[in-house]
Amino acid sequence: MAVKNKLTLSVQYADTRLQETLPRPLLRKAVQATLFAPAELTIRFVAAEEGRTLNRDYRGKDYATNVLTFAYTEDEDAEVTQADIILCTDVLLKEAAEQKKTVEQHALHLVVHGVLHAQGYDHETDEEAEEMEGIEVEILETLEIANPYK
């Protein structure tokens, strides 16, 4: 059995559309499966307007994106990973429909992706992307979610 790292998790539903589909215990299970160290995380569900504003103001990209991670401790020596993970409900719903996945499966994949970013993983190069995707696939398998990259 995997070691459970200490987790302080706050879940905010600024956009309440997925509150019943993605309750806090389900999100906590996905986050816990992704942790390699103790963490203090906030997951926030937002509508397109807030998602677009955050992406524009912090990344210089003027559109809503599926997941944004604001990592405050990307240092490998940090004892506790601290981050805010923003999921844009509008984008998430659109992508799930386009990819013919359940909203739950797609959202949990994005949560895993965001938590990996919070822990310093990235996909700027092909090598980094391959490593990160491999870890995502392994974690999603433990959550009984099929490989999203196939």
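Predicted, not measured: the structure shown is a model, and the values here were computed from it. (Residues numbered from 1 in each chain as written. Predicted model: local features only at pLDDT ≥ 70, side-chain atom pairs only at ≥ 80, totals over all residues. Heavy atoms only, no water.)

A. Broad picture of the overall build of the protein. When its secondary structure is counted, the protein shows five helices and four strands. Of the regular secondary structure in the protein, the N- to C-terminal order runs β-α-β-α-β-β-α-α-α. Taking 150 residues into account, the globule formula puts the C-alpha radius of gyration at 15 Å, and the protein, at 14 Å, falls close to it. The principal-axis extents of the C-alpha atoms in the protein amount to approximately 35 × 35 × 30 Å. (Helix = DSSP H or I, 4+ residues; strand = E, 2+ residues; numbered from the N terminus. Rg over C-alpha atoms; globule rule 2.2 N^0.38 Å.)

B. Local environment of the pattern of salt bridges. Applying the stated criterion across every chain, the model contains seven salt bridges. Arg17 serves as the salt-bridge partner of Asp15, at 2.5 Å between the closest nitrogen and oxygen. Given a relative accessible area of 44%, Arg17 falls into the partly exposed group. Here Lys94 ties to Glu98 by a salt bridge, and the two come within 3.0 Å at their closest N and O atoms. A residue pair is termed a helical-turn pair when its members lie 3 or 4 positions apart in one helix, as Lys94 and Glu98 do in helix H3 (residues 89-98) at four residues. Taking relative accessible area as the criterion, Lys94 reaches 53% and is therefore assigned exposed. Overlapping salt bridges bring together Arg52, Arg56, Asp57 and Asp62 as one network. (Salt bridge = Lys/Arg side-chain N within 4 Å of Asp/Glu carboxyl O. Buried < 20%, exposed > 50% of the residue type's maximum accessible area, 1.4 Å probe, protein only.)

C. Broad picture of helix H2 (residues 48-59). An ideal rise of 1.5 Å per residue puts 16 Å on twelve residues; H2 measures up with 15 Å between its terminal C-alpha atoms. Of all the positions in H2, only Gly51, Leu54 and Asn55 are classed as buried. Seen from one end, H2 has its buried residues packed into an arc of 95°, which puts them on one side. The inward-facing, buried residues of H2 abut strand S2 (39-46), strand S3 (67-71) and strand S4 (81-88). (Expected span 1.5 Å × (residues − 1). Arc of directions from axis to C-beta. Contact = heavy atoms within 4.5 Å.)

D. Representation of the layout of surface pockets. Approximately 550 Å³ is the volume attributed to the largest pocket. Elements represented by at least two residues in the lining of the largest pocket include exactly H2, S3 and helix H4 (103-118). Residue composition of the lining of the largest pocket, by class: nine nonpolar, nine polar and seven charged. (1 Å grid on protein atoms, 1.4 Å probe; cavity = no way out; pocket = protein on both sides within 12 Å on 5 of 7 lines; lining within 4 Å. Points joined across faces, edges and corners; volume = space filled by probe spheres on them. Nonpolar A, V, L, I, M, F, W, Y, C, P; charged D, E, K, R; others polar.)

E. Layout of a negative patch on the surface. Residues Glu124, Asp126, Glu127, Glu128, Glu130, Glu131 and Glu133 make up a contiguous surface patch of negative charge. Turning to its location among the elements, Glu128 is positioned in helix H5 (residues 126-142). (Patch = residues over 30% accessible without salt bridge, like charges linked within 9 Å, V, L, I, M, F, W, Y side chains within 5 Å. Areas by Shrake-Rupley, 256 points an atom, 1.4 Å probe, with all protein chains shown as cover. Lys, Arg positive; Asp, Glu negative; His and termini not counted. Charge placed at Lys NZ, Arg CZ, Asp CG, Glu CD.)

F. Just the nonpolar core, in detail. Judged by nonpolar contacts, the single largest core of 33 residues is most densely connected at Leu27, Val31, Leu41, Ile43, Phe45, Leu87 and Val111. Every element with two or more residues in this core is listed here: strand S1 (7-13), helix H1 (24-34), S2, S4, H4 and H5. Per element, the largest residue contribution to this core is eight residues, and it comes from H4. In this view, Val31 contacts Leu7, Leu41, Ile43, Val111 and Val115; residues no more than four positions away in its chain are not counted. Grouped together as the second largest cluster of nonpolar side chains are seven residues, Val46, Phe70, Ile86 and Cys88 included. (Core = buried A, V, L, I, M, F, W, Y, C linked by side-chain atoms within 4.5 Å.)

G. Broad picture of the sheet that holds S2. Read across the open sheet, the four strands follow the order S1-S2-S4-S3; overall the sheet is mixed. Single-partner strands in this sheet number two, and they are S1 and S3. Going from strand to strand, the sheet's axes swing by 15° on average, the running direction of each strand aside. Bridge count for S3 against S4 is five bridges, and the pairing is antiparallel. Bridging from a neighbouring strand, Leu68 pairs with Ile86 of S4. Relative to the sheet, H1 contacts S1 and S2, its axis offset from that of S1 by approximately 135°. Contacts from H3 reach S2 and S4, with the element oriented near 65° to S4. (Pairing = 2+ DSSP bridges. Axes fitted to C-alpha atoms, helices over the stretch in contact; angles between N-to-C directions.)

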